[in-house]
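Chain by chain, the residues:
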Amino acid sequence: MHIPIKKSKTNKLFAGVIAGFAEHFGWNVALARVLYVVLTLFLSITGLGIIAYLVLWMLMEEPEVEE
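Cut-offs and rules
Going along each chain's sequence as written, the residues are numbered from 1 onward. Where local features are concerned, this predicted model is filtered to residues with pLDDT of at least 70; where side-chain atom pairs are given and counted, the filter is 80 or more; whole-chain, interface and lining totals use all residues. Just so you know, side-chain values use all the structure's heavy atoms and leave hydrogens and water out. Only runs of H or I of at least four residues qualify as helices and only runs of E of at least two qualify as strands under DSSP, and these elements are numbered from the N terminus. Within these notes, the globule rule equals 2.2 Å times the number of residues to the 0.38 power, and the radius of gyration is based on C-alpha atoms. For every residue, the accessible area (1.4 Å probe, protein chains only) is compared with the maximum for its type, and the residue is labelled buried under 20%, exposed over 50%, or partly exposed between those bounds. A pair of Phe, Tyr and Trp rings is counted when the ring centres sit within 6.5 Å of each other, with Trp represented by its six-membered ring. The angle between the planes then sorts it: under 30 degrees is stacked, over 60 is edge-to-face, the rest tilted.

## Observations concerning the overall build of the protein chain
- Along the protein chain, the regular secondary structure elements total three helices and two strands.
- Element order for the protein chain, N to C, with α for helix and β for strand: β-α-α-α-β.
- Here the C-alpha radius of gyration of the protein chain, 12 Å, is about what a compact globule of 67 residues would show, namely 11 Å.
- A principal-axis box enclosing the C-alpha atoms of the protein chain has dimensions of 45 × 25 × 20 Å.
- Taking all 67 residues of the protein chain together, 30% fall into the buried category.

Now the structure itself:
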């Protein structure tokens, strides 16, 4: 099962998940990353931010490779 959002190919720090969402929805990538970190720290008791990132990493499509 995959979701129709691709990971970022050029703008990634770890796996390109947050940047992929930001690019798909036309958001500012830096702002999306800051928002993710703040929400993850806020929910750090449950660990949902990290779990959600890992699940999205597995479900998001890989970027297309240009040859």
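Next, the rest of the story.
## Some details on the packing of aromatic side chains
- By the definition in use, this model includes three aromatic pairs.
- Taking the centre distance of 5.0 Å and the plane angle of 20° together, the rings of Phe25 and Trp27 count as stacked.
- Between Tyr36 and Tyr53, the ring centres sit 5.7 Å apart and the planes meet at 45°, which makes this aromatic pair tilted. Remark: Tyr53 occurs in helix α3 (residues 48-59) and Tyr36 occurs in helix α2 (residues 29-42); sequence separation between them is 17 residues.
- Owing to a relative accessible area of 24%, Tyr36 belongs among the partly exposed residues under this scheme.
- For Tyr53, a relative accessible area of 10% puts it in the buried group.
- Members of the aromatic cluster, each reached through a chain of ring pairs, are Phe21, Phe25 and Trp27.

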